[in-house]
Amino acid sequence: MIVIATFESHLFVELAISALQEKEIFAVPLNRSAEPPRLLDTLHHANGFSFLDLAAILGTCLMLLGAIYGYVLAWGPIIWGIIGAVSGIGIGILLKWWVSRKSTPPSKPHRR
């Protein structure tokens, strides 16, 4: 059975949802978080959008490519691996920052 409903956030709603989850009926929140993305997610403050996941992936890939092709390049595999890792981390952080900047709506100025 699928039940779709929206509720305002309240303590009694949370208790009802936890009682439903004990019976293996799951609830998913529909609202998006208005918090700005953080550089690091912690255990208690995770918003699901971390800047470092893409940076780690690109850093690893470019480090590997730099180490592989460094055998035929002038400075050797270690230097090219470090160059690839640093450039991949930088590209990953810049891409995540650009995407998060484009996806968040601009804030409205405060009226007095």
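Everything discussed here concerns the structure shown above.
Here we summarise the structure given alongside this text. Keep in mind that what you see is a predicted model, and the values were worked out from it rather than measured. (Residues numbered from 1 in each chain as written. Predicted model: local features only at pLDDT ≥ 70, side-chain atom pairs only at ≥ 80, totals over all residues. Heavy atoms only, no water.)

### A few points about the packing of aromatic side chains
Applying the stated criterion across every chain yields a total of one aromatic pair. Note on Trp75 and Trp80: the rings are 5.5 Å apart at their centroids and 20° apart in plane angle, and the pair reads as stacked. Take Trp80: its relative accessible area is 26%, and that puts it in the partly exposed class. (Phe/Tyr/Trp six-rings, centres within 6.5 Å; stacked < 30°, edge-to-face > 60°. Buried < 20%, exposed > 50% of the residue type's maximum accessible area, 1.4 Å probe, protein only.)

### Focus on a nonpolar patch on the surface
Taken together, the side chains of Met63, Leu64, Leu65, Ile68, Tyr69, Tyr71, Val72 and Leu73 present a nonpolar region at the surface, about 870 Å² in accessible area. Relative to the elements of secondary structure, Met63 occurs in helix α2 (residues 52–69). (Patch = residues over 30% accessible without salt bridge, like charges linked within 9 Å, V, L, I, M, F, W, Y side chains within 5 Å. Areas by Shrake-Rupley, 256 points an atom, 1.4 Å probe, with all protein chains shown as cover. Salt bridge = Lys/Arg side-chain N within 4 Å of Asp/Glu carboxyl O. Helix = DSSP H or I, 4+ residues; strand = E, 2+ residues; numbered from the N terminus.)

### Observations concerning helix α1 (residues 11–22)
Under the 1.5 Å per step criterion, the end-to-end length of α1 is 17 Å for twelve residues, consistent within 8% with the ideal 16 Å. Taken from the residues just after α1, Glu24 is the one with a positive phi, measuring 65°. (Expected span 1.5 Å × (residues − 1).)

### Side note on the environment of Gly76
As for its placement among the helices and strands, Gly76 is situated in the loop between α2 and α3 (77–103). Placed ten residues apart in sequence, Gly76 and Gly66 show a C-alpha to C-alpha distance of 9.0 Å.

### Observations regarding α2
Compared with the 26 Å implied by 1.5 Å per residue over 18 residues, the 25 Å span of α2 between its first and last C-alpha is a close match. Those residues of α2 not exposed but buried are Ala55, Gly59 and Gly66. Viewed end-on, α2 has its buried residues packed into an arc of 40°, placing them on one side of the element. (Arc of directions from axis to C-beta.)

Note that every value here comes from positions in space, so none of it alone points to a role or purpose.
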